[in-house]
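These are the residues of each chain, in order.
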Amino acid sequence: MVDGSVVVDELPGASPPPGAAQIAVFITFSVILTLWTRAELAHRAIAAERAASERGASQSPSSSDDKKTGGDGAGAMPGSDSALSLGDVELGPVDKKDEDATAAGGDVESGAKAARASRGGDTAPVKPIVRVDEQLAKLAPVRCLLGDRRALIASRDTLRSWTELGCVLALFWIADRGGAVPDAEKHYDRDLFWAIFGALGAYGWFTTAKECRSNAPLNREQTEEWKGWMQVLFLLYHYFKASEIYNAIRVFIAAYVWMTGFGNFSYYYVRKDFSFHRFAQMMWRLNFFVFFVCLAMRNDYVLYYICPMHTLFTWAVYFALYVGREHNTNTNVVLGKFAICFAASYALWEIPGVFTAVFGPFQGLFEYVDPKKPNVDPMHEWFFRSGLDRYVWIHGMACAFFHPRFESAMKKIDEMDPRRRVTAQCAIGAVTLGAMYWWYSSVYVLPKLEYNALHPYTSWIPITGFIILRNLTRGLRSWHVSLFCWCGKITLETYISQFHIWLSTSNVPNAQPSALMALIPGHPMLNFALCTALYVGVSKRVFAVTNDLKVACVPDDARQIGLNAAFAAAWGVGAWALGAVLLSGAF
């Protein structure tokens, strides 16, 4: 939309033309595919050489003499990589040091120098002046681009993961931008909706119920299970357009944000690990996949609002504990930090002008305009989405802080004699259910807009109630449904992927997924089953690829992360510039 007129390439069914960023993505993954192919060929050649050498050694008793003289087989062929492949390469990385350094984009030569120094080779080493350009030249991706066979082989798994990511992005584009897959309308059937969820829950309970490794309240399996069943309902809500549970979905999203506060506070408060690499790895987990999807699909960041929202509150928790971290053992200081966070949130979202002043400089990152509503303030969506849960992350931090006391109270109840224990549990359950009933009858049943106005101040009530009821007895705390745990581990991937290979945005950049992907038109249930299997499988692979590439690109070394980031930035700028030139028709 431009000045109220319809742009043809944004109409449903029309494939939007690529931009410089999309061409840059295509160039990048084409290069990666080429490098991975070369790495695979080199790996197979080395494997074949080694197999032939071993066969020759087993057949010829004089093979050891030949190897000494270099006169037979692949023992030492001048001018080839045979000596390298047989002496140093074990069907993969060249050696352990090279593998570790290369997988992380590392510097093999500097590692070798360090090894020599550790063996006493340099009695009084003088620390050289390190030039950034020299360090970048030794990075694994640079060496791969220059055709270094050692680097290609050592980086084979990493290149394969990048290639797999490129295939996923290509699949997204074909399904949701290429016009190859037709759309279908959404239809809501309440009985079908709950039957699907009920069947999945029953299957999970009867076949995948397992005992938790810990019976502590809010243990890892329990929180993963919680995320999992909420995510299933969240996704079904989108697929069937189940508008009648809108208010419940808002509570689920608030619970995710609550977990951001709870989980991050628990980690930083207990482990006191504020290292750059740990924080960078968290940012990678939240934003790596969505970054490439935004580029490939020409979508704004805030279309996938869960990602920027969790990123924002992760930053908030980190800095709340990082500032004055030496005083975090003081209860009054921690409570004071909670009060400051609450005051900051109040000022940011409830005092007119403050939100615009803070986020205005970053409008290019946080703006979003729905093509169906072109006249809305570009920052409205970000203000609305982030503001709905502006306080619940603080409640999550407070619950993490008081968690040891809650756990102690639950243990004391468990240790009571049966009569007193049942009485205490029934009393707590009755009070909790009473509070949740009040919230349901006074707040939850309100219409959408009225509910949204109260949601920031009341979402903590059902969340707290669920936590208490879910952990009320030892038996409830000790078991979990592992099927939902598995779903809970890939919530980020299923959230992003649903836009493009389960639902459909009808070829329109930045559009909401208002339609369904129809691989089997005219057969809604078969289509649902097939699309769901494809969608969940892809999400699972993206989860694995994200973690694999995190190890390679964001290692536990701040200096190495900086070098990798510098290379990525240089490559990105160069690829974008080339894309812009190609788009301009200069060639």
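See the structure printed just above.
A quick note: this is a predicted structure, and the numbers were derived from the prediction, not measured.

Peer 1: Which residues make up the environment of Tyr268, and what values do they have?
Peer 2: In this structure, Tyr268 sits in helix α12 (residues 246–271). Note: C-alpha distance between Tyr268 and Tyr322 (54 residues apart in sequence) is 8.4 Å. Aside from chain neighbours lying at most four places away, what touches Tyr268 is Asp273, Phe274, Arg278, Phe279, Tyr318 and Leu321.

Peer 1: Which residues make up the nonpolar core, and what values do they have?
Peer 2: Within the largest apolar cluster, 126 residues are counted, with the highest numbers of intra-cluster contacts made by Trp226 and Tyr304. Sort the elements by how many residues they give to this core and α12 lands first, with 16 residues. Aside from chain neighbours lying at most four places away, what touches Tyr304 is Val290, Val293, Cys294, Asn299, Tyr495, Ile496, Phe499 and His500.

Peer 1: Help me get a handle on the sheet that holds strand β1 (residues 183–184), residues and values and all.
Peer 2: Read from one edge to the other, the open sheet built from three strands follows the order β1-β5-β4, with strand pairing classed as antiparallel. Pairing within the sheet leaves two strands with one partner each, and these edge strands are β1 and β4 (503–504). Pairing analysis gives two bridges linking β4 to strand β5 (residues 515–517), with the strands arranged antiparallel. Residue pairing in the sheet places Leu503 in a bridge with Leu516 of β5.

Peer 1: Could you give me a rundown of the environment of Ala42, with the residues and numbers involved?
Peer 2: With respect to the helices and strands, Ala42 occurs in helix α1 (residues 20–59). According to the relative accessible area criterion, Ala42 is buried, its value standing at 11%. Remark: the alpha-carbon pair of Ala42 and Ile153, spanning 111 residues in sequence, is separated by 6.8 Å.

Peer 1: Can you tell me about a nonpolar patch on the surface, naming the residues and giving the values?
Peer 2: A cluster of nonpolar residues, Trp315, Phe319 and Val323, forms a patch on the protein surface that exposes about 300 Å² of accessible area. Within the secondary structure, Phe319 is located in helix α14 (residues 306–322).

Peer 1: Tell me about the packing of helix α13 (residues 276–297) against α14, residues and numbers included.
Peer 2: It is the contact of α13 with α14, at a shortest axis distance of 10 Å, that shows an interaxial angle of 170°. Taken together, the axes of α13 and α14 lie roughly antiparallel to each other. Only Cys307, His310, Thr311, Thr314, Trp315 and Tyr318 of α14 make contact with α13, whose side of the interface consists of Phe279, Met282, Met283, Leu286, Asn287 and Val290. Tallied by class, the residues present in the contact of α13 with α14 amount to eight nonpolar, four polar and no charged.

Peer 1: Got a sec to walk through the pattern of salt bridges? Specific residues and values, please.
Peer 2: As enumerated under the stated definition, the model contains 17 salt bridges in all. A salt bridge links Arg177 to Asp176, with the shortest nitrogen-to-oxygen separation between them at 3.3 Å. Comparing Arg177 with Asp176, the two get one shared label, buried. As a salt-bridge pair, Glu244 and Arg190 come within 2.8 Å of each other at their nearest N and O atoms. Within this pair, whereas Glu244 is found in the loop between α11 (220–240) and α12, its partner Arg190 is found in helix α10 (residues 190–208), the two being separated by 54 residues in sequence. Taking relative accessible area as the criterion, Glu244 reaches 39% and is therefore assigned partly exposed.

Peer 1: Tell me what's going on with α10, and back it up with residues and numbers.
Peer 2: If you check α10, its first and last C-alpha atoms are 26 Å apart, about what 19 residues at 1.5 Å a residue would give, namely 27 Å. All buried positions along α10 are accounted for by Phe193, Ile196, Phe197, Gly201, Gly204 and Thr208. Along the axis of α10, the buried positions cluster into a sector of 120°, meaning they face one direction only. Projecting away from the buried face of α10 at angles above 90 degrees are the exposed residues Asp191, Tyr203 and Phe206. Residues of α10 that are buried make contact with β2 (209–211), α11, β3 (479–481), α25 (482–489) and α27 (524–553).

Peer 1: Requested: an account of the packing of α12 against helix α23 (residues 460–470), with residues and values cited.
Peer 2: Orientation of α12 relative to α23, taken along the N-to-C sense of each, is 70°, at an axis distance of 9 Å. Looking at the two axes, α12 sits roughly perpendicular to α23. Of the residues in α23, those touching α12 at Val251, Ala254, Ala255 and Trp258 are Pro462, Ile463 and Ile467. When the residues that make up the contact of α12 with α23 are grouped by side-chain class, the tally is seven nonpolar, no polar and no charged.

Peer 1: So what's going on with the packing of aromatic side chains? Residues and values would help.
Peer 2: Using the criterion set out here, one finds 58 aromatic pairs in the structure. On the numbers, 5.8 Å between centres and 85° between planes, the contact of Phe359 with Trp382 is edge-to-face. Linking Phe359 in helix α16 (residues 354–359) with Trp382 in helix α18 (residues 380–388), this pair joins segments that are 23 residues apart in sequence. Between Trp502 and Tyr535, the ring centres sit 4.8 Å apart and the planes meet at 15°, which makes this aromatic pair stacked. In this pair, Trp502 is assigned in the loop between α26 (491–501) and β4 and Tyr535 in helix α27, connecting sequence segments 33 residues apart. A single burial state applies to Trp502 and to Tyr535, both of which are buried. Through successive ring pairs, a cluster of aromatic residues spans Tyr188, Phe193, Trp194, Phe197, Tyr239, Phe240, Phe484, Trp502, Phe528 and Tyr535. Just above the ring of Phe401 sits the side chain of Arg405; from NZ or CZ to the centre is 5.6 Å.

Rules of the game
Residues numbered from 1 in each chain as written. Predicted model: local features only at pLDDT ≥ 70, side-chain atom pairs only at ≥ 80, totals over all residues. Heavy atoms only, no water. Helix = DSSP H or I, 4+ residues; strand = E, 2+ residues; numbered from the N terminus. Contact = heavy atoms within 4.5 Å. Core = buried A, V, L, I, M, F, W, Y, C linked by side-chain atoms within 4.5 Å. Buried < 20%, exposed > 50% of the residue type's maximum accessible area, 1.4 Å probe, protein only. Pairing = 2+ DSSP bridges. Patch = residues over 30% accessible without salt bridge, like charges linked within 9 Å, V, L, I, M, F, W, Y side chains within 5 Å. Areas by Shrake-Rupley, 256 points an atom, 1.4 Å probe, with all protein chains shown as cover. Salt bridge = Lys/Arg side-chain N within 4 Å of Asp/Glu carboxyl O. Axes fitted to C-alpha atoms, helices over the stretch in contact; angles between N-to-C directions. Parallel < 35°, antiparallel > 145°, perpendicular 65-115°, else oblique. Nonpolar A, V, L, I, M, F, W, Y, C, P; charged D, E, K, R; others polar. Expected span 1.5 Å × (residues − 1). Arc of directions from axis to C-beta. Phe/Tyr/Trp six-rings, centres within 6.5 Å; stacked < 30°, edge-to-face > 60°. Lys NZ or Arg CZ within 6 Å of the ring centre and 35° of its normal.

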